[in-house]
Amino acid sequence: NILRQTDTDPGSILCLTFTNKAAINMRERLIALTGGEARNVMVKTFHSFAAELMNMYPDYFWNGARLTTAPDATQIEIIQDVLSNLPLNNPLALKFAGNFTAGNDVKNALKLAKEAGLTPEKLEALVQANLAYLDVVEPHLIDILASSLSFKKLPELKAKVDALPEQGIDVSMQPLQDLGFVLKDSLAYAISQDEPLGKTTNTSKWKQRFVQSVDGQKGMHKERERNEWWLALADVYRSYRDALHQRGYYDYSDMIVEVIAQLQQHAGFRADAQERFLYVLIDEFQDTNAAQLQLAHLIADHHLN
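In this numbering scheme, every chain counts its residues from 1 along its sequence in written order. Owing to the predicted nature of the model, reporting of local features is limited to residues with pLDDT of at least 70; listing and counting of side-chain atom pairs is limited to 80 or more, with chain, interface and lining totals taken over all residues. With hydrogens and water excluded, all non-hydrogen atoms of the structure serve as input to the side-chain values.

> Explain the confidence of the model for the chain here, please?
Values of pLDDT, ranging from 0 to 100, describe the predictor's confidence in every residue of the model. Looking at the chain as a whole, its pLDDT mean stands at 90, while 94% of the residues score no less than 70. A helix here means a DSSP run of H or I that spans at least four residues, while a strand means a run of E at least two residues long, and both kinds are numbered starting from the N terminus. By mean pLDDT, the top-scoring element of the chain is helix α9 (residues 201-210) (97), and the lowest-scoring one is strand β4 (residues 95-96) (68).

> How should I be thinking about the nonpolar core in this particular structure?
When a protein is soluble and globular, its nonpolar side chains tend to lie buried together. What is meant by a nonpolar core is a set of buried Ala, Val, Leu, Ile, Met, Phe, Trp, Tyr and Cys residues, joined one to another through side-chain atoms within 4.5 Å. The rule is simple: take the accessible area with a 1.4 Å probe, protein chains only, and divide by the maximum for that residue type; under 20% is buried, over 50% is exposed, in between is partly exposed. If you look at the biggest cluster of nonpolar residues, it comprises 48 residues, and the most contacted ones within it are L92, V106, L141 and W206. Those elements giving two or more residues to this core turn out to be α4 (72-84), α5 (103-115), α6 (120-144), α7 (154-162), α8 (179-194), α9 and α10 (221-246). By residue number, the principal contributor to this core is α6, which donates nine residues. We call two residues contacting when some pair of their heavy atoms lies within 4.5 Å. Those residues in contact with L92 that sit more than four places away from it in its chain are L83, L86, F100, A102, V106, W229, A232, L233 and V236. Core analysis: the second largest hydrophobic core is formed by 25 residues, M42, F61, M255 and I299 among them.

> Just checking my understanding: could you explain the packing of α4 against α5 for this structure?
Think of two packed helices as two axes; the pair is described by the angle between the axes and how far apart they sit. Helix axes are fitted only over the stretch in contact, all axes being lines through C-alpha atoms; the angle between N-to-C directions runs from 0 to 180 degrees. One can describe the packing of α4 onto α5 by two numbers: an axis separation of 11 Å at closest approach and a directional angle of 115°. With respect to α5, the axis of α4 lies roughly perpendicular. Considering the relative orientation of α4 and α5, their crossing is right-handed. Contacts from I76, I79 and L83 in α4 reach G103, V106, K107 and L110 in α5. Under the scheme applied, nonpolar residues are Ala, Val, Leu, Ile, Met, Phe, Trp, Tyr, Cys and Pro; charged residues are Asp, Glu, Lys and Arg; polar residues are all the others, including Gly. In the contact of α4 with α5, the residues fall into five nonpolar, one polar and one charged. Angle categories: roughly parallel below 35 degrees, roughly antiparallel above 145, roughly perpendicular from 65 to 115, and oblique for all the rest. Each helix crossing is assigned a hand: it is left-handed if the near helix lies turned anticlockwise from the far helix by less than a right angle, otherwise right-handed if that turn is clockwise.

> What should I look at first to understand the packing of helix α3 (residues 46-56) against helix α13 (residues 290-300) in this one?
Between α3 and α13, the shortest axis-to-axis distance is 11 Å and the interhelical angle comes to 50°. On the basis of the axis angle, α3 is oblique to α13. Seen along the crossing, α3 lies across α13 with a hand that is left-handed. Between α3, through F46, F49 and L53, and α13, the contact on the second element is made entirely by Q292, L295 and I299. Classifying every residue of the contact of α3 with α13 by side-chain character gives five nonpolar, one polar and no charged.

Shown next as structure tokens:
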């Protein structure tokens with residue numbers, strides 16, 4: 001319809017999907033539907049589109065150095081090397097029978113960070129913001145939850161928690177949600193589950209999630225421990241990425257994160273990419289993760305659109 005109803009050049013249409021097979025199928029169908037007119041429409045997976053931008057604008061990536069994707073074995077080797085250099089008191093340095101027990105957790109966490117579109121710097125900033133927020137909100141939440149839960153007082157509990165200060169997460173961290181929102185939204189959901197039952201079962205689980213007693217001291221211990229683990233991971237993430245680059249590699253799953261970072265930092269690069277693609281179409285949009293969504297917005301959100 002775009003090609004039939006407008007004078008748009010086919011090369012200005014970008015179609016994104018999730019697998020190579022889907023991209024091939026989409027291209028074949030488009031060509032068949034348009035009698036070949038859509039031959040120059042760019043049909044890519046998110047990763048291959050990121051690779052295309054790297055090839056088109058090499059000077060924005062690694063100072064123009066031509067890196068290659070790291071084999072899985074190399075990625076695992078580098079992760080193990082990074083972990084082996086951590087101090088013994090680091091939560092990621094735990095060993096059993098000579099192996100790092102956090103190895104798989106680290107690999108999975110790196111994957112999650114990249115799917116969220118986070119560079120090591122953004123991950124560290126987010127966790128530091130969380131820890132600072134915990135320092136502010138913890139004494140208030142302990143005071144609010146000092147007495148036993150009562151079904152009749154759930155509205156009062158919600159009002160007090162809703163009155164807690166917001167974290168105010170920086171706009172650069174979107175679409176991630178701040179800890180204050182998670183705290184309040186999860187309580188609202190727990191209460192909505194309890195109201196039809198006339199009980200506090202789900203609200204009690206919410207309370208246990210956010211406040212615990214350790215050695216007689218109440219606090220948001222698990223939340224703080226969780227964030228300190230991710231703070232340690234941010235250092236591992238940075239060291240892992242630097243080690244890859246030094247060997248002439250990049251992680252395949254880094255491509256989208258690298259492109260997002262450069263589009264955000266360089267207005268000229270962003271403007272070129274936005275002006276090149278007038279239409280962005282995403283197949284199976286419901287499967288889009290945070291990083292993919294950020295990339296799509298960075299391409300589509302031109303100030304003239």
